[in-house]
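# Geometric and topological summary
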Amino acid sequence: MADNGKIAVEMALKNEYSLIFMDMQMPVMDGVTATKQILRNKSASTIIAMTANVLSEDKQRCIEAGMVDFVQKPIKIDELCETIKNLKKKD
């Protein structure tokens, strides 16, 4: 768990994670910027956005940043599990 976007980038670049859930509204560095930095330096990361912003423009920003999917907050466990299952189907 990272307290801000800068720490999230540092953690992602130092460690191997199968899946990263990226909050879009973190302090210091937002999730879109953090995602772009991670993917610029580490192409194998799978990142899913987590946000209360559910407008189509928000979803588009996440996809354009390189995230593979989008989960709305507050998190519903059924939807989260379905999102993860769908990732496996894409492989």
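Everything below is about the structure shown above.
Model, not experiment: these values are computed from the prediction.

Within the structure shown, the criterion is met by 3 salt bridges. When the shortest N-O distance is used, the salt bridge between K42 and E16 registers 3.5 Å. Note that K42 is positioned in the loop between α2 (31–41) and β2 (47–51) and E16 in the loop between α1 (5–14) and β1 (20–23), a separation of 26 residues in sequence. Take E16: its relative accessible area is 70%, and that puts it in the exposed class. Between K73 and D23 there is a salt bridge; the shortest N-O distance is 3.0 Å. In this pair, K73 is assigned in the loop between β3 (69–72) and α4 (77–90) and D23 in strand β1, connecting sequence segments 50 residues apart. A relative accessible area of 25% places D23 in the partly exposed class.

Next up on the list: the nonpolar core. Core analysis: the biggest nonpolar cluster contains 17 residues, and M22, M24, I38, I47, A49, C62 and M67 have the highest contact counts within it. For this core, the elements supplying multiple residues, two or more each, are α1, β1, α2, β2 and α3 (56–65).

Glancing now at the pairing of β2. Of all 5 residues that make up β2, 5 are buried, and the element is covered over most of its length. Going residue by residue along β2, you find I47, A49 and T51 tucked away on one face and I48 and M50 tucked away on the opposite face as well. Where β1 and β2 come together, 4 bridges link them in parallel fashion. Residue D23 lies in a different strand from β2, and its bridge partner there is M50. Taking the sense of rotation as the criterion, the β-α-β connection linking β1, α2 and β2 turns out right-handed.

Structurally, T46 is set in the loop between α2 and β2. Exposure remark for T46: the relative accessible area of 24% places this residue in the partly exposed category. When the C-alpha positions of T46 and L19 are compared, they lie 5.1 Å apart, and in sequence the two are 27 residues distant. Each residue touching T46, except ones within four places of it in the same chain, is listed here: S18, L19, I20, V68 and L87.

This paragraph deals with the environment of T83. Its location among the elements puts T83 in helix α4. Each C-alpha atom, one on T83 and one on F21, is 11 Å from the other, the two residues being 62 residues apart in sequence. With residues near it in sequence (within four places) discarded, T83 still touches I48, D69 and V71. In terms of polar contacts, T83 uses its side chain to reach the backbone carbonyl oxygen of E79, at 2.9 Å.

Scoring rules and cut-offs
Residues numbered from 1 in each chain as written. Predicted model: local features only at pLDDT ≥ 70, side-chain atom pairs only at ≥ 80, totals over all residues. Heavy atoms only, no water. Salt bridge = Lys/Arg side-chain N within 4 Å of Asp/Glu carboxyl O. Helix = DSSP H or I, 4+ residues; strand = E, 2+ residues; numbered from the N terminus. Buried < 20%, exposed > 50% of the residue type's maximum accessible area, 1.4 Å probe, protein only. Core = buried A, V, L, I, M, F, W, Y, C linked by side-chain atoms within 4.5 Å. Pairing = 2+ DSSP bridges. Right-handed = clockwise from strand over helix to strand, strands pointing away. Contact = heavy atoms within 4.5 Å. Polar contact = N/O pair within 3.5 Å; in protein donor to acceptor, adjacent residues only side chain to side chain.

On their own, these measurements won't tell you what the molecule is for.
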